[in-house]
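Chain residues, written in single-letter form:
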Amino acid sequence: MSDIASRVKAIIVDKLGVDENEVVTEASFTNDLGADSLDTVELIMEFEKEFDIQIPDDQAENISTVGQAVSYIEEAKK
Amino acid sequence: MELKRVVVTGLGALTPIGNNISEYWEALKSGKSGAAPITYFDTSLFKTKFACEIKNFNATDHFDRKEVRRLDRFAQYALVASDEAILDSGVDLDVVDKYRIGVIWGAGIGGLETFQNEVIDFAKGDGTPRFNPFFIPKMIADIAPGNISIKHGFMGPNYATVSACASSANAMIDALNYIRLGYSDIMVTGGSEAAVTQAGMGGFNSMHALSTRNDDPQKASRPFDANRDGFVLGEGGGALILEEYEHAKARGAKIYAEVIGGGMSSDAYHMTAPHPEGKGVIAVMKNCLENSGLKPEDVDTINTHGTSTPLGDVAELKAIKNVFGDHAKNININSTKSMTGHLLGAAGAVEAIASILAMQHNLVPPTINHETADENIDPELNLTLNKPQERKIKVAMSNTFGFGGHNACVAFKSMDE
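What counts as what
Residues numbered from 1 in each chain as written. Chains lettered and ligands numbered in written order. Predicted model: local features only at pLDDT ≥ 70, side-chain atom pairs only at ≥ 80, totals over all residues. Heavy atoms only, no water. UniProt positions renumbered as here; feature names shortened; annotations may be inferred. Helix = DSSP H or I, 4+ residues; strand = E, 2+ residues; numbered from the N terminus. Rg over C-alpha atoms; globule rule 2.2 N^0.38 Å. Buried < 20%, exposed > 50% of the residue type's maximum accessible area, 1.4 Å probe, protein only. Contact = heavy atoms within 4.5 Å. Areas by Shrake-Rupley, 256 points an atom, 1.4 Å probe, with all protein chains shown as cover. Lys, Arg positive; Asp, Glu negative; His and termini not counted. Charge placed at Lys NZ, Arg CZ, Asp CG, Glu CD. Pairing = 2+ DSSP bridges. Axes fitted to C-alpha atoms, helices over the stretch in contact; angles between N-to-C directions. Core = buried A, V, L, I, M, F, W, Y, C linked by side-chain atoms within 4.5 Å. Domains from an automatic or database assignment. Buried area = accessible area lost by both parts, 1.4 Å probe. Salt bridge = Lys/Arg side-chain N within 4 Å of Asp/Glu carboxyl O. Polar contact = N/O pair within 3.5 Å; in protein donor to acceptor, adjacent residues only side chain to side chain. Parallel < 35°, antiparallel > 145°, perpendicular 65-115°, else oblique. Nonpolar A, V, L, I, M, F, W, Y, C, P; charged D, E, K, R; others polar.

Under the annotation held in an unreviewed UniProt entry, chain B carries the name 3-oxoacyl-[acyl-carrier-protein] synthase 2 and is attributed to Psychroflexus aurantiacus. Turning to chain B, the UniProt record has this under Pathway (unreviewed entry): "Lipid metabolism; fatty acid biosynthesis." Per UniProt, chain B carries the Sequence similarities (unreviewed entry) text "Belongs to the thiolase-like superfamily. Beta-ketoacyl-ACP synthases family."

As annotated in an unreviewed UniProt entry, chain A carries the name Acyl carrier protein and is attributed to Psychroflexus aurantiacus. The UniProt entry for chain A carries the following comment under Pathway (unreviewed entry): "Lipid metabolism; fatty acid biosynthesis." Turning to chain A, the UniProt record has this under Function (unreviewed entry): "Carrier of the growing fatty acid chain in fatty acid biosynthesis."

Laid out in structure tokens, this is it:
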């Protein structure tokens with residue numbers, strides 16, 4: 001797993017209180033990991049802080065799975 | 001329309017001297033102080049370095065990790081205390097009509113620690129408002145009753161009362177009145193507070209409201225003593241299940257006491273200072289007697305607001321003498337804040353619970369730490385000093401007053417005939 005992916009995973013485990021092995025690439029924050037709208041906003045903010053990036057609201061709307069988050073951040077950090 | 005009778009069928013408490021009702025009562029009757037040096041943060045720059053914190057409380061014993069992050073401590077205390085009370089009431093949540101159960105909860109401040117920490121984080125940044133999405137919903141005082149209803153599915157009236165240190169007394173009175181008027185069969189009520197934070201301690205310190213007896217914290221809360229020097233900040237929660245009498249009887253519920261009335265008034269005088277003649281306090285006790293259908297001679301005990309401040313304690317006792325006349329000296333007057341410290345918005349609830357437990361056991365908990373008589377206090381008054389006193393209690397009253405001049409008083413009556 002890439003460094004980015006493992007850091008994303010760690011944030012999700014911490015914020016959503018889920019088990020590490022549930023945080024798979026295709027897992028949806030809301031449908032699979034029990035996040036509500038507030039959790040989702042918090043996750044995006046944590047990603048911004050952890051990776052020192054800005055994720056505009058219109059793009060944050062498209063990040064709803066673990067894999068989408070990792071790809072977005074990898075792209076942003078290029 | 002005839003008002004319905006209301007009884008107490010469940011109790012829950014998370015206090016600095018006991019983490020449930022039985023521990024709380026044991027501590028109350030043995031005269032235990034909950035004060036100790038503050039463990040939550042470094043107090044080296046603070047004038048007051050002690051408080052009555054909750055002991056041995058691990059949020060993760062009660063909530064999963066995600067819930068802990070979503071709940072300020074004041075809301076955690078609310079859920080823990082109300083869970084105990086609901087369980088104690090024996091209400092079968094699978095059969096009861098949840099549209100007929102409401103929650104009215106008092107919190108004087110709400111999520112002060114959440115507010116403080118979010119603002120500290122903001123101030124550390126470059127001015128970009130990166131507030132956590134849980135900031136507002138964790139902080140607001142009404143999230144405590146909101147969370148209680150979410151947890152149990154209670155769909156009746158639901159809101160928070162905010163009247164500083166009278167908050168949970170106002171909550172109990174509102175809950176009482178909704179049942180009296182037939183809006184609900186059961187109300188979960190009480191209050192919680194978690195203000196032992198830098199902002200809380202610093203804020204109250206700068207008002208000169210807190211005791212600074214740092215060399216002897218356990219002796220600091222000393223209501224009515226000549227050398228009292230301010231209140232000791234406490235935290236925690238207290239919960240009561242109020243229930244319509246016939247509803248309680250029909251399900252064979254254990255009944256602790258009847259809630260016979262509540263009084264409310266305002267000092268209309270000063271933001272924080274008590275009225276020197278206790279005008280609003282006189283009014284609130286008179287209102288309570290009238291609302292409860294009581295004569296002054298009926299009252300056996302008064303758990304006072306008695307915070308251990310120089311002005312407040314004297315004004316309250318003067319008011320008691322004014323309202324009760326010659327009978328004042330027959331009343332067991334006490335202040336359980338001598339042991340618990342001042343739980344702010346939770347005070348009304350935990351002190352009402354103390355009054356109800358006293359009635360159950362016919363034993364009045366003491367006002368501890370009294371050493372020197374105050375010459376401004378009538379020595380004929382029985383302040384239940386230092387030792388509990390046996391007393392057959394038929395009627396108990398509990399006073400609470402809040403900054404802003406809010407006064408509330410609740411009366412309970414024994415079910416024993």
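Draft legend 1. Focus on the overall build of chain B. Scanning chain B from terminus to terminus reveals 13 helices and 14 strands. For 417 residues, the compact-globule formula gives about 22 Å, and the C-alpha radius of gyration of chain B, at 20 Å, lands near that figure. With respect to the three principal axes, the spread of C-alpha positions in chain B is 65 × 55 × 40 Å. Counting all 417 residues of chain B, 60% fall into the buried class. Within chain B, contacts between residues separated by at least 24 positions form 80% of all contacts whose residues are at least 6 apart in sequence. Here chain B displays about 16,000 Å² of accessible surface, and carbon together with sulfur accounts for 52% of that area. Across chain B, the mean location of the 38 positive side-chain charges is 1 Å away from that of the 50 negative side-chain charges.

Draft legend 2. The arrangement of the sheet that holds strand β8 (residues 257–266) of chain B in detail. Residues and elements named next belong to chain B. Strand order in the open sheet formed by 10 strands is β5-β4-β6-β7-β1-β8-β14-β13-β9-β10, with mixed pairing between adjacent strands. Where the open sheet ends on each side, the last strands, each with one partner, are β5 (158–161) and β10 (332–334). The sheet shows a mean angle of 25 degrees between the axes of neighbouring strands, taken without regard to direction. Taken together, the 8 bridges between strand β6 (residues 186–193) and strand β7 (residues 236–244) define a ladder with antiparallel strand orientation. By the bridge assignment for β7, V188 is matched with I241. Sheet contacts for helix α13 (residues 347–361): β1 (6–14), β6, β7, β8, β9 (301–303), β13 (395–402) and β14 (406–413); angle to β13, the most-contacted strand, approximately 165 degrees.

Draft legend 3. Expanded view of the nonpolar core. Residues and elements named next belong to chain B. Within the largest apolar cluster, 45 residues are counted, with the highest numbers of intra-cluster contacts made by V8, L11, Y24, L240, L242 and F412. Mapped by element, the contributors of at least two residues to this core are β1, α1 (21–30), α7 (167–180), β7, β8, α13, β11 (363–364) and β14. Counting residues per element, this core draws most heavily on α13, at 9 residues. Counting contributing residues, this core receives three or more from each of domain 1 (6–250) and domain 2 (262–413). For Y24, the residues in contact, after removing those within four places along its chain, are A13, T15, I17, G18, T340, V350, E351, I353, A354 and L357.

Draft legend 4. Representation of unusual backbone geometry. Residues and elements named next belong to chain B. Look at H208: it is not a glycine, yet its phi comes out positive at around 60 degrees. By the element assignment, H208 lies in the loop between α8 (198–206) and β7. We note that N362 has phi near 50 degrees; this positive angle belongs to a residue other than glycine. Looking at where N362 falls in the secondary structure, it is placed in the loop between α13 and β11.

Draft legend 5. Up close: the interface of chain B and chain A. On the chain A side, the residues contacting the 10 residues of chain B number 17 residues. For the pair chain B and chain A, the summed buried area comes to about 1,100 Å², and 43% of that belongs to carbon and sulfur atoms. When residues of chain B are sorted by the area they lose upon contact with chain A, B:K66, B:R69 and B:R130 head the list and together hold 48% of the total. On inspection of chain B and its partner chain A, the count reaches 5 salt bridges. Linking A:D36 and B:R70 is a salt bridge whose minimum nitrogen-to-oxygen distance equals 2.5 Å. Between the two partners, chain B and chain A, sit 10 residue pairs in polar contact (both at pLDDT 80 or more). At 4 residues, the largest contribution of residues to the side of chain B that touches chain A is made by helix α2 (residues 65–70) of chain B.

Draft legend 6. Quick look at the packing of α1(B) against α13(B). Residues and elements named next belong to chain B. α13 packs onto α1 with a crossing angle of 75 degrees between their chain directions and a minimal axis gap of 11 Å. Classified by the angle between their axes, α1 and α13 sit roughly perpendicular to one another. Residues I21, Y24, W25 and L28 of α1 form the contact with α13, whose participating residues are V350, E351, I353, A354, L357, A358 and H361. Grouping the constituent residues of the contact of α1 with α13 by class yields 9 nonpolar, 1 polar and 1 charged.

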